[in-house]
Amino acid sequence: MADEFTLSNVACIDTAKSPHPISTGIGFFDHMIDQLNSHAQIGVSVTVNKQGEDNNPSNHSFEVVNRYADEDQAKLMGTVGTALGKELNKLKYPEGERTSRFCCPLDEALVECVLTKKPNGEAGKLVKFTLPPYGKYPVNKGRAKIGTMKTPYVETFFSNVAHTSGMDISLAKIRGDNGHHVVESAFKAFSRALRNLIDGTNTNNYTSAEYENMWGVKSESYTSSLELCREGKLERSTKETSILVHILLNGLAKGPGDSIKVDTGIKTMDQFVSILAKEAMMSTEIKCNGDLYVDDHHTSEDVSIALGQVLNTAFGTKAGLNRMWCAVGSYGDAEVEVTMDLSNRPCITHNLSLSSNPNEEEYAGDLSVEMLDHVIESLVLNSRSTVHILEKKVGKTVLETALATAMAFGRALRMCAAVDPRRAGKTASSKGTFLFK
């Protein structure tokens, strides 16, 4: 290998930007490694050349960016993985063996990453890798190549990263029909799990000292979030409903407006939104007078649409926010995980037992099951978020499932909307942001 490729400017710098580029000679591979910059907040750089060559990485022509597309990609991607793993191993981690889990939601993929940092300089290993097939086209095969990158060697890359970084890595595809997004979700999930591992935090652990220091009510994040004074308000009347929705992303801090008051005329809607608001730590006022003498459709739909719209208003540009999180909620026998991204690319995917609930229930409390499905969809799409909902344990009733979903949704929302001071007001994205007006 040393006779074929040379690596230079290899670096992984915590919460800082490397002055050097990522230039491996495979354009899509560069894009995936760049997820570490955006989502792990680690300044990554690496340049690959062949001996005797001196390519200019600032030349972004297709030929230069993809100069090694026809070379031995297994060796190239493996060597880059080995080198970056060594640099990641130099970063400072909390003492002892630590584990971090993160799921990354894209509109056509959801990948789970679990990282365990080995103590005492032990080598790591790739303990699970279930990403293939990469998409559903061709049928039963998936994509062999994305851009010019050959997909079989994604596993080679992560295997080598694991070995030299001292981390056990698990990457599992939960859902995924689009090959590009399966790979992107894997790299983003790895990056987010790595950030949490370095911070000593973990999704669904809200009691550790590290969590309190990073995200708790005495943290810089919490204070910075309150200083934004984020709120959204909507009032409107139609022939079907008269509605007021007002939210304050105020952390339910003691002060004016610190309350949750929801009155829609549908008890299940009131419970759903109240639980969501409590877990999201946002003051909420919702009042709806709807045509319940017709049915529950217009009231529940309009409330969820309006709530999604005011959330999107309150989020603002989303610059500087944590943006992604996954959270579990339990109610009765039901357990649900919500993975959320304030992405500006609205999409909802779920496997909740609504049409196949064990008791063949038509209603969740006093809300029809079909409208519960529509409420979740309307809320997500109008908040312009990407959300995956995973039913982990089925409730005795659909109402239990609904309220567990509200709990998980609120917890994920709170963490996504939290300010990450390290981002200095920048959006957590490798591609930039679409603005909708």
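Just above sits the structure.
Residues numbered from 1 in each chain as written. Predicted model: local features only at pLDDT ≥ 70, side-chain atom pairs only at ≥ 80, totals over all residues. Heavy atoms only, no water.

J.: Sorry, what's going on with the pairing of strand β15 (residues 334-341) here?
T.: For a regular strand, side-chain orientation follows a simple rule: the groups alternate between the two sheet faces. Within β15, eight of the eight residues are buried, which leaves the element mostly enclosed by the surrounding structure. What you see with β15 is no split at all: Ala-334, Val-336, Val-338 and Met-340 on one side and Glu-335, Glu-337, Thr-339 and Asp-341 on the other are buried throughout. Where strand β14 (residues 324-331) meets β15, eight bridges bridge the pair, whose relative direction is antiparallel. Across the sheet, Met-324 pairs through a bridge with Asp-341, a residue of β15. As consecutive antiparallel partners, β14 and β15 are separated by two residues, and within that stretch Gly-332 has a phi angle of approximately 60 degrees, a positive value. As paired elements, β15 and strand β19 (residues 386-393) share seven bridges and run antiparallel to each other. (Buried < 20%, exposed > 50% of the residue type's maximum accessible area, 1.4 Å probe, protein only. Helix = DSSP H or I, 4+ residues; strand = E, 2+ residues; numbered from the N terminus. Pairing = 2+ DSSP bridges.)

J.: Honestly, the environment of Thr-201 in this entry has me stumped. Any pointers?
T.: Inspection of the secondary structure assignment puts Thr-201 in the loop between α6 (179-199) and α7 (209-215). The sequence separation of Thr-201 and Trp-215 amounts to 14 residues, and the corresponding C-alpha distance is 9.4 Å. In this view, Thr-201 contacts Ser-100, Asn-196, Glu-210, Tyr-211 and Met-214; residues no more than four positions away in its chain are not counted. (Contact = heavy atoms within 4.5 Å.)

J.: Honestly, the pattern of salt bridges in this entry has me stumped. Any pointers?
T.: Once the charged atoms of two side chains with opposite charge are near each other, the side chains can pair. A full pass over the atoms with the stated rule returns 17 salt bridges. A salt bridge links Glu-210 to Arg-98; the shortest N-O distance between them is 2.9 Å. On the criterion of sequence distance, the pair formed by Glu-210 in helix α7 and Arg-98 in strand β4 (residues 98-106) is long-range, its members being 112 residues apart. Overlapping salt bridges, with partners in common, bring together Asp-14, Arg-195, Asp-199, Asp-420 and Arg-422 in one network. (Salt bridge = Lys/Arg side-chain N within 4 Å of Asp/Glu carboxyl O.)

J.: What is the right way to read the pairing of β4 from this model?
T.: Within β4, seven of the nine residues are buried, which leaves the element mostly enclosed by the surrounding structure. Summarising the sheet, β4 and strand β5 (residues 109-117) pair through nine bridges and their orientation is antiparallel. Opposite Cys-103, over in β5, you have Glu-112 as the bridge partner.

J.: Before we go on, may I ask you to explain the packing of helix α4 (residues 73-89) against helix α5 (residues 153-165) in this structure?
T.: For any two helices packed against each other, the geometry is given by the interaxial angle and the distance between the axes. For the pair α4 and α5, interaxial distance at closest approach is 7 Å and the crossing angle is 30 degrees. The orientation of α4 with respect to α5, classified from their angle, is roughly parallel. Remark: the crossing between α4 and α5 carries right-handed chirality. (Axes fitted to C-alpha atoms, helices over the stretch in contact; angles between N-to-C directions. Parallel < 35°, antiparallel > 145°, perpendicular 65-115°, else oblique. Left-handed = near helix turned anticlockwise from the far one by under 90°.)

J.: Would you take a moment to explain the environment of Ser-23 for this structure?
T.: Mapped onto the fold, Ser-23 is located in strand β2 (residues 22-23). Look at Ser-23 and you get buried, because its relative accessible area is 6%. Taking C-alpha positions, Ser-23 is 7.8 Å from Ser-45, a pair spaced 22 residues apart along the chain. Excluding residues that lie within four positions of it along the chain, Ser-23 makes contacts with Asp-30, Val-46, Thr-47, Val-48, Pro-57 and Arg-67. A polar atom in the side chain of Ser-23 sits 3.0 Å from the side chain of Arg-67. (Polar contact = N/O pair within 3.5 Å; in protein donor to acceptor, adjacent residues only side chain to side chain.)

J.: How should I be thinking about the side chain of Asp-199 in this particular structure?
T.: By the secondary structure assignment, Asp-199 is in helix α6. For Asp-199, a relative accessible area of 17% corresponds to the buried category. At 3.0 Å, the side chain of Asp-199 forms a polar contact with the side chain of Arg-195. Leave out the neighbours within four places in its chain, and Asp-199 touches Glu-210, Met-214 and Arg-422.

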